[in-house]
Amino acid sequence: MRVAIDTRPGGSTPNEDWVAGTPNLAIVLDGLSTAGLTTGCRHGVPWYVVRLGSHLVAALADPERSLPEGLAVALENVAAMHPECDLANPGTPSATVAVLRQQQGTLEHLVLADSPIVFEGHQGYSVITDLRVDEVLPDLRAEVEQHETHTPQHREALQRFVRAQRQTRNTPDGYWVAAASPDAAGHAVTGITQVDDVRAAAVLSDGASRLVTEYGMATWSEVFDMLRAGGPHELINSVRKVEATDPTGRRWPRYKSGDDAAVAFCQW
């Protein structure tokens, strides 16, 4: 498996996405925004995603360990690195997870929350994602989307939304992300695909996939053409060009003008 990777922040703040690729593994993490709220942790989301990603690569180097088992081990290891923080805080640093691992003639996938894996098959495209987060608090989400980004009204609505969202995070009635407890690993979407059925695959944070899913400015076929022609760098450039035409979110309401983006492009 040949893996090309890139990640880029969406603005002037530190990048909260993380990506890695090896000859048999591709991982993308998308750190959840704190919206300026406290988290109970002194380290922050960028610190968290770097350490979770590194421990996840190490855990999944063992081919006998399943993807959920590897994620659970990584979550435990990172939690053990900062026991002085309030890891029970519902806003503790957290992230979405998307993993693709090749095991001989098969591709194992794991998706926790809305960072998708897209397979280019011989007959079309299939998207593996976990959109439970979209079912949570639709009224508060709509309130955020009424306001242009970079306004006090938008910031206040976003903070109300995130506060309420945190109360449903990693609960049976809400949605699941990687945070402090290894239990979240058992709620991931997993599966197996035959390598022979796939021409290529893209592991993406939603900051990159939104060119198709949110903005509707490309098809998956066009995305894979971009990836072959210019690699992940070209895809992220295309996202930024589209966002630059709508800097305040009037055409495409969103949480911030530009989201962090991460891409791992896998070919065989």
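Residues numbered from 1 in each chain as written. Predicted model: local features only at pLDDT ≥ 70, side-chain atom pairs only at ≥ 80, totals over all residues. Heavy atoms only, no water.

Colleague: Talk me through the overall build of the chain; I want residue IDs and the actual numbers.
Modeller: Within the chain, the regular secondary structure consists of 6 helices and 10 strands. In terms of overall dimensions, the chain is globule-like: its C-alpha atoms have a radius of gyration of 18 Å, near the 18 Å expected for 268 residues. Across its three principal directions, the C-alpha atoms of the chain cover 50 × 45 × 30 Å. Evaluated residue by residue, the chain yields a buried proportion of 52% over its 268 residues. (Helix = DSSP H or I, 4+ residues; strand = E, 2+ residues; numbered from the N terminus. Rg over C-alpha atoms; globule rule 2.2 N^0.38 Å. Buried < 20%, exposed > 50% of the residue type's maximum accessible area, 1.4 Å probe, protein only.)

Colleague: Can you lay out the side chain of serine 115 for me, pointing to particular residues and giving the numbers?
Modeller: Mapped onto the elements of the fold, serine 115 is located in the loop between strand S5 (106-112) and strand S6 (117-121). We classify serine 115 as buried; its relative accessible area is 0%. In this structure the side chain of serine 115 is engaged in a polar contact, spanning 2.6 Å, whose partner is the side chain of threonine 96. (Polar contact = N/O pair within 3.5 Å; in protein donor to acceptor, adjacent residues only side chain to side chain.)

Colleague: Explain the sheet that holds strand S10 (residues 261-267) residue by residue, including any values.
Modeller: Reading across the sheet, the 5 strands line up as S1-S10-S9-S6-S7 and stay open at both edges, with antiparallel pairing between neighbours. Every interior strand has two partners, whereas the edge strands, strand S1 (2-8) and strand S7 (125-128), have only one. Averaged over all pairs of adjacent strands, the angle between strand axes in this sheet comes to 15 degrees, irrespective of strand direction. Pairing analysis gives 7 bridges linking S1 to S10, with the strands arranged antiparallel. When the bridges of S10 are listed, alanine 4 appears paired with phenylalanine 265. Strand contacts of helix H5 (residues 206-213): strand S9 (198-204) and S10, with the helix running at about 80 degrees to S10, the strand carrying the most contacts. The strands touched by helix H6 (residues 220-244) are S1, S6, S7, S9 and S10; relative to S10, the strand with the most contacts, the crossing angle is about 155 degrees. (Pairing = 2+ DSSP bridges. Axes fitted to C-alpha atoms, helices over the stretch in contact; angles between N-to-C directions. Contact = heavy atoms within 4.5 Å.)

Colleague: Which residues make up the sheet that holds strand S2 (residues 17-22), and what values do they have?
Modeller: Pairing is antiparallel across the open sheet formed by 5 strands, whose spatial order is S2-S3-S4-S5-S8. The open sheet has two edge strands, S2 and strand S8 (189-194), and neither has a second partner. The sheet shows a mean angle of 10 degrees between the axes of neighbouring strands, direction not considered. Across 6 bridges, the pairing between S2 and strand S3 (residues 25-31) is antiparallel.

Colleague: So what's going on with the environment of phenylalanine 224? Residues and values would help.
Modeller: The topology assignment puts phenylalanine 224 in helix H6. In this structure phenylalanine 224 comes out as buried when scored by relative accessible area, which is 0%. If sequence neighbours within four positions are ignored, phenylalanine 224 has contacts with Val118, Glu120, Tyr125, Ala200, Ala201, Ala202 and Phe265.

Colleague: I'd like a description of the packing of aromatic side chains, backed by residues and values.
Modeller: In the structure shown here, the tally under the stated rule is 4 aromatic pairs. An angle of 45 degrees between the planes, with centres 5.4 Å apart, marks the rings of tyrosine 125 and phenylalanine 224 as tilted. Taken together, the residues span a long stretch of sequence, with tyrosine 125 in strand S7 and phenylalanine 224 in helix H6 at a distance of 99 residues. For tyrosine 125, a relative accessible area of 34% puts it in the partly exposed group. Ring geometry for tyrosine 215 versus tryptophan 252: centroids 4.9 Å apart, planes at 45 degrees, classification tilted. Remark: tryptophan 252 occurs in the loop between H6 and S10 and tyrosine 215 occurs in the loop between H5 and H6; sequence separation between them is 37 residues. For tryptophan 252, a relative accessible area of 8% translates into the label buried. A connected cluster of aromatic rings, assembled from ring pairs, spans Tyr125, Phe224 and Phe265. (Phe/Tyr/Trp six-rings, centres within 6.5 Å; stacked < 30°, edge-to-face > 60°.)

Colleague: A description of helix H4 (residues 152-168) should follow, citing residues and the corresponding values.
Modeller: Taking 1.5 Å per residue, 17 residues should reach 24 Å; H4 reaches 25 Å between its end C-alpha atoms and fits that length. Among the residues making up H4, those that are buried are His154, Ala157, Leu158, Phe161, Val162, Gln165, Arg166 and Thr168. Elements in contact with the buried residues of H4: helix H3 (138-145). Directly beyond the C-terminal end of H4, a positive phi value near 55 degrees is found at asparagine 170. (Expected span 1.5 Å × (residues − 1).)

Colleague: Residue-level account of the side chain of serine 238, with values.
Modeller: In this structure, serine 238 sits in helix H6. Not counting chain neighbours up to four residues away, the residues in contact with serine 238 comprise Leu211 and Met226.

Colleague: I'd love a proper account of empty space enclosed by the protein, names of residues and values included.
Modeller: To find leftover empty space, a probe the size of one water molecule is rolled over the atoms. Summed over the entire model, instances satisfying the criterion amount to 1 cavity of 30 Å³ or more. Each pocket or cavity is described by its volume, and for the largest cavity that value is around 50 Å³. In terms of lining residues, the largest cavity is bounded by Tyr48, Leu75, Val78, Ala79, His82, Leu87, Thr92, Pro93, Ala179 and Ala180. Element by element, the count of residues in the lining of the largest cavity is highest for helix H2 (residues 67-79), at 3 residues. Each residue belonging to the lining of the largest cavity can be placed in one class, and the counts come to 8 nonpolar, 2 polar and no charged. (1 Å grid on protein atoms, 1.4 Å probe; cavity = no way out; pocket = protein on both sides within 12 Å on 5 of 7 lines; lining within 4 Å. Points joined across faces, edges and corners; volume = space filled by probe spheres on them. Nonpolar A, V, L, I, M, F, W, Y, C, P; charged D, E, K, R; others polar.)

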